[in-house]
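Residues per chain are reported as follows:
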Amino acid sequence: MARKFFVGGNFKMNPATREQKRALVKILNDANLDPNVEVVVAPPSLYLISILEILRKDVQVSAQNCHAKASGAYTGEISPQQLVDAGVPYVILGHSERRSLFHETSEEVAAKTRAAIDAGLKVILCVGETLEEREAGKTQAVVQAQLAVVVAALEPAQWENVVIAYEPVWAIGTGKVATCEQAQEVHAATRAYISSAISPAIADAVRIIYGGSVNAKNCKETGNQPDVDGFLVGGASLKPEFVDIVNTKR
Ligand code: PEP
């Protein structure tokens, strides 16, 4: 099956001002983007609605997190239902910064993933190992353990609303990008795992994107690996080179 190339931009807690936000949107609005690529940007929740209003319609927006509950006394949180009501189609869940800095467990990530999809969102589901885990030869075991909880939480048909982002923690924001062989190896093993844990058809259809210090220089080689279906981009999504990453396949 031909999987549509997917490029996400995770702005994290950036930009710092509304003026910078407008400048970022202008870069995208003025760009010549490959129409064969699904492009999604994830600004801070404060900017979701205003970006939706000014961003070109062929670029979608994503939240960076959501709660598992629909509403209630959860100060500081945003629910999947609120995101759907605001017209936001995607949410990033399980980002390593959420897992490490905010102590989110794989069980919480799975519960949020189920709640988000039940509410009508699509999920960019992040998984990945630390350097210590990689050096101990545990990469695939860690990735599969993170995915197994989500496999147990979702109905098989719900995987059509999931994009898996393989993001080795040691490569995020460090400038240390995984080699194209390292990325391909984990992506192929992850697809094989999805095939045995859910079904070959779902494994064939699900997009597995790579994240971790992707930039305009290193995107081509990794993006052309058979099991790499796109990227989740952090730092470089705040720069004009994000357009070159979107256009990796051109
Ligand atoms: C990310 O935070 O998802 C990410 C991949 O960051 P960076 O591209 O900056 O490594």
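Basis of the calculations
- One numbering rule holds for all chains: residues counted from 1, following each sequence as written.
- In keeping with the model being predicted, local features are shown solely for residues with a pLDDT of at least 70 and side-chain atom pairs are shown and tallied solely at 80 or more, while totals for entire chains, interfaces and linings include all residues.
- In this scheme, strands are said to pair when DSSP sees at least two bridges between them.
- Each helix is a run of H or I in the DSSP string that is no shorter than four residues. Each strand is a run of E no shorter than two, and both are numbered from the N terminus.
- Where helices are involved, their axes are fitted lines through C-alpha atoms of the stretch in contact, as for all axes, and angles between N-to-C directions lie from 0 to 180°.
- A pair of residues counts as a contact when their C-beta atoms, built from backbone coordinates, are separated by no more than 7 Å.
- What makes a residue near a molecule or strand is its C-beta atom, placed from the backbone, lying within 6 Å of it.
- Following the grouping adopted for this structure description, the nonpolar residues are Ala, Val, Leu, Ile, Met, Phe, Trp, Tyr, Cys and Pro, the charged ones are Asp, Glu, Lys and Arg, and the polar ones are all others, Gly among them.
- Only buried residues count toward a nonpolar core: Ala, Val, Leu, Ile, Met, Phe, Trp, Tyr and Cys, linked into one set through C-beta atoms within 7 Å.
- Exposure classification rests on a simple neighbour count of other C-beta atoms within 10 Å of a residue's own: a residue reaching 20 or more is buried, one at 12 or fewer is exposed, and one in between is partly exposed. C-beta atoms are placed from the backbone.
- Convention used here: angles under 35 degrees read as roughly parallel, angles over 145 as roughly antiparallel, angles from 65 to 115 as roughly perpendicular, and any remaining angle as oblique.
- Should the near helix be turned anticlockwise from the far one by less than a right angle, the crossing is left-handed, and should it be turned clockwise, the crossing is right-handed.

Going by the annotation in an unreviewed UniProt entry, the name recorded for the chain is Triose phosphate isomerase, with Vararia minispora EC-137 given as the source organism.

It is worth spelling out the sheet that holds strand S5 (residues 122–127) at this point. Pairing is parallel around the closed barrel formed by 8 strands, whose spatial order is S1-S2-S3-S4-S5-S6-S7-S8. With direction set aside, neighbouring strand axes in the sheet form an average angle of 25°. Contacts between helix H5 (residues 106–119) and the sheet are confined to strand S4 (90–93) and S5, with S4 contributing the most and set at about 175° to the helix.

Neighbouring the ligand are 13 residues; Ile 172, Gly 173, Gly 211, Gly 234 and Gly 235 lie closest to it. By residue class, the composition of the shell around the ligand is 5 nonpolar, 7 polar and 1 charged.

Okay, the nonpolar core next. Inside soluble globular proteins, nonpolar side chains tend to come together where they are buried. Val 91 and Leu 125 are the most contacted members of the largest nonpolar core, which has 67 residues in total. The contacts of Val 91, once residues within four sequence positions are left out, are Ser 62, Ala 63, Asn 65, Cys 66, Pro 80, Leu 83, Ala 116, Leu 121 and Val 123.

Our focus in this paragraph is the packing of H5 against helix H7 (residues 139–153). Close contact between H5 and H7 brings their axes to 9 Å; oriented N to C, the two are set at 40°. The angle between the axes of H5 and H7 places the two elements in the oblique class. For the element pair H5 and H7, the recorded crossing hand is right-handed. Contact residues: Ser 106, Glu 107, Ala 110, Ala 111, Thr 113 and Arg 114 in H5; Ala 145, Gln 146, Val 149, Val 150 and Ala 153 in H7. Classifying every residue of the contact of H5 with H7 by side-chain character gives 6 nonpolar, 3 polar and 2 charged.

Most of strand S6 (residues 162–166) sits inside the fold, with 5 of its 5 residues counted as buried. In S6, alternate side chains face the same way, and those of Val 162, Ile 164 and Tyr 166 on one face and Val 163 and Ala 165 on the other are all buried. Two elements, S5 and S6, share 5 bridges in a ladder whose sense is parallel. The residue of S6 that forms the bridge with Ile 124 is Val 163. Summarising the sheet, S6 and strand S7 (residues 207–211) pair through 4 bridges and their orientation is parallel. What sits directly across from Val 163, in S7, is Arg 207.

Further remarks concern the packing of H7 against helix H8 (residues 180–197). In the contact formed by H7 and H8, the axes pass within 10 Å of each other and the chain directions differ by 40°. Relative to H8, H7 is oriented so that their crossing is right-handed. Across the interface between the two elements, Thr 139, Gln 140, Val 143, Gln 144, Leu 147, Ala 148 and Val 151 from H7 touch Val 186, Ala 189, Thr 190, Tyr 193 and Ala 197 from H8. The class makeup of the residues in the contact of H7 with H8 is 8 nonpolar, 4 polar and no charged.

Within the fold, Phe 231 resides in strand S8 (residues 230–233). The buried category is assigned to Phe 231, around which 30 C-beta atoms lie within 10 Å. In sequence terms Phe 231 and Glu 167 are 64 residues apart; their C-alpha atoms lie 9.4 Å from each other. Contacts of Phe 231, omitting those with residues within four sequence positions, involve Val 7, Ile 209, Tyr 210, Gly 211, Val 214, Cys 219, Gly 223 and Ile 245.

Next up on the list: unusual backbone geometry. The amide bond that connects Asn 14 to the next residue, Pro 15, takes the cis arrangement and shows omega of -5°. Among the structural elements, Pro 15 can be located in the loop between strand S1 (5–10) and helix H1 (18–30). Located in the positive-phi region is Lys 12, a residue other than glycine, with phi close to 50°. Residue classification places Lys 12 among the partly exposed positions, given that 18 C-beta atoms sit within 10 Å. For Ser 213, which is not a glycine, the phi torsion comes out positive at approximately 55°.

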